[in-house]
Amino acid sequence: MPVHVPNSVDPMASQMAQLLAHSDLDELREIVKRWVAEAPTGNQRRIYENFGARMIELKHALAEAPVQPTREELETALTMMLRLAAQQAPGTTPGR
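What counts, and at which threshold
- Residues numbered from 1 in each chain as written.
- Predicted model: local features only at pLDDT ≥ 70, side-chain atom pairs only at ≥ 80, totals over all residues.
- Heavy atoms only, no water.
- Core = buried A, V, L, I, M, F, W, Y, C linked by side-chain atoms within 4.5 Å.
- Buried < 20%, exposed > 50% of the residue type's maximum accessible area, 1.4 Å probe, protein only.
- Helix = DSSP H or I, 4+ residues; strand = E, 2+ residues; numbered from the N terminus.
- Contact = heavy atoms within 4.5 Å.
- 1 Å grid on protein atoms, 1.4 Å probe; cavity = no way out; pocket = protein on both sides within 12 Å on 5 of 7 lines; lining within 4 Å.
- Points joined across faces, edges and corners; volume = space filled by probe spheres on them.
- Nonpolar A, V, L, I, M, F, W, Y, C, P; charged D, E, K, R; others polar.
- Axes fitted to C-alpha atoms, helices over the stretch in contact; angles between N-to-C directions.
- Parallel < 35°, antiparallel > 145°, perpendicular 65-115°, else oblique.
- Left-handed = near helix turned anticlockwise from the far one by under 90°.
- pLDDT = per-residue confidence, 0-100.

## Regarding the nonpolar core
Core analysis: the largest hydrophobic core is formed by 16 residues, its most contacted members being Met16, Leu20, Leu28, Met55 and Leu78. Contributions of two or more residues to this core are made by α1 (11-22), α2 (25-38), α3 (42-64) and α4 (71-87). The greatest single-element share of this core, amounting to five residues, is contributed by α1. If we skip the residues at most four places from it in the chain, Met55 touches Met16, Leu20, Leu28 and Leu78.

Encoded structure:
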């Protein structure tokens, strides 16, 4: 009987992987600008700016990579990035 392993991919990471895989760099920049412009608070705006910059850096790195990661690999990596970012968010204690 196969063992069911629950999906541990963050839903946002899945959406980000879709953006990275199917958007060109200019489109990704426009999306990040929209996130920043629509952020409800200054703190969220800074988070979106930081996360957006990292997404653009990752898109650059992926463009130069000889082998492209699978969508599943992107989702896993982005899930880890989101979890690390949440741990480092202001008002939280590292390791929590």
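Here the narrative resumes.
## Quick word on the layout of surface pockets
Of the volumes computed, that of the largest pocket is approximately 400 Å³. Taken together, 13 residues line the largest pocket, and the ones lying closest to its centre are Ile47, Asn50, Ala85, Ala86 and Gln88. The greatest single-element share of the lining of the largest pocket, amounting to six residues, is contributed by α3. For the lining of the largest pocket, the per-class residue count stands at eight nonpolar, three polar and two charged.

## Observations regarding the packing of α1 against α4
Two elements in contact, α1 and α4, have axes separated by 8 Å at closest approach and are oriented at 125°. Here α4 runs oblique to α1, going by the angle between their axes. Note on packing geometry: the crossing formed by α1 with α4 is right-handed. Only Arg71, Leu74, Glu75, Leu78, Thr79 and Leu82 of α4 make contact with α1, whose side of the interface consists of Met12, Ala13, Ser14, Met16, Ala17, Gln18 and Leu20. Taken together, the residues of the contact of α1 with α4 sort by class into eight nonpolar, three polar and two charged.

## Focus: the confidence of the model for the protein chain
On average, the protein chain scores 83 in pLDDT, and the residues at 70 or more come to 84%. When mean pLDDT is taken per element in the protein chain, α2 scores highest with 93 and α4 scores lowest with 85. Below pLDDT 50 for its whole length, residues 92-96 participates in five contacts with residues either more than four positions away or in separate chains.

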